Amino acid sequence: MAGDSEREVTALGFTLMAALAPLVVAILWLGFVARCAWFLRRLRGWRQVPTLSRVPKSFLRGRPRLRRVVIGLAHPGLMLLAGMGTSVLAFLLGPVELTIEALF
């Protein structure tokens, strides 16, 4: 595509890397969200109000109502929904046009 020109080959390589970067970041983000949701599931379970959890008893010991709210909002399903929703939204917003000009 670029012929024998070293400058055109370099520009094509930068263009391909810039085009693939958002896709790679989105895939890594989805993996990170899934891992965090898995950790939350192990820590507090899937129930809305967990009866048994592995959250330390010393966590917000002096504020039991705040502790209940924080543990209730740290739901793995909510984490998955929000994280995957942001990734889908990023794809639906459309591609970002990026032009890199290299001056040699």
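Values in this document were obtained by computation on a predicted structure and should not be read as measured data.

Calculation criteria
- Residues numbered from 1 in each chain as written.
- Predicted model: local features only at pLDDT ≥ 70, side-chain atom pairs only at ≥ 80, totals over all residues.
- Heavy atoms only, no water.
- Helix = DSSP H or I, 4+ residues; strand = E, 2+ residues; numbered from the N terminus.
- Buried < 20%, exposed > 50% of the residue type's maximum accessible area, 1.4 Å probe, protein only.
- Contact = heavy atoms within 4.5 Å.
- Areas by Shrake-Rupley, 256 points an atom, 1.4 Å probe, with all protein chains shown as cover.
- Patch = residues over 30% accessible without salt bridge, like charges linked within 9 Å, V, L, I, M, F, W, Y side chains within 5 Å.
- Salt bridge = Lys/Arg side-chain N within 4 Å of Asp/Glu carboxyl O.
- Lys, Arg positive; Asp, Glu negative; His and termini not counted.
- Charge placed at Lys NZ, Arg CZ, Asp CG, Glu CD.
- Phe/Tyr/Trp six-rings, centres within 6.5 Å; stacked < 30°, edge-to-face > 60°.
- pLDDT = per-residue confidence, 0-100.

Draft legend 1. Quick peek at the overall build of the chain. The secondary structure content of the chain amounts to 3 helices and 0 strands. In sequence order, the chain lays out its α and β elements as α-α-α. Out of the 104 residues belonging to the chain, those deemed buried represent 13%. Considering only contacts within the chain whose residues lie at least 6 apart along the sequence, 63% involve residues at least 24 apart. Accessible surface, the chain as shown: approximately 8,700 Å² in total, 69% of it carbon and sulfur.

Draft legend 2. Local environment of a positive patch on the surface. Taken together, the side chains of Arg 35, Arg 41, Arg 42 and Arg 54 present a region of like positive charge at the surface. Its place among the elements puts Arg 54 in the loop between α1 (6–44) and α2 (64–73). You can call Arg 54 exposed: its relative accessible area is 55%.

Draft legend 3. Main features of the environment of Leu 80. Considering the arrangement of structural elements, one finds Leu 80 in helix α3 (residues 76–92). Counting along the chain gives 47 residues from Leu 80 to Val 33, while the straight-line C-alpha distance between them is 6.3 Å. Apart from residues lying up to four places away in sequence, Leu 80 is in contact with Val 33, Ala 34, Ala 37, Trp 46 and Gly 85.

Draft legend 4. Quick peek at the packing of aromatic side chains. Considering all chains together, one arrives at 1 aromatic pair under this definition. Measuring from ring centre to ring centre gives 5.8 Å for Trp 29 and Phe 32, while their planes differ by 40°; the resulting arrangement is tilted. With Trp 29 and Phe 32 both in helix α1, this residue pair falls 3 residues apart, about one helical turn. With relative accessibility at 46%, the residue Phe 32 sits in the partly exposed group.

Draft legend 5. Spotlight on the confidence of the model for the chain. Of all residues in the chain, 84% attain a pLDDT of 70 or more, and the chain-wide mean is 80. Looking at the elements of the chain, mean pLDDT is at its lowest for α2, recorded as 79, and at its highest for α1, recorded as 85.

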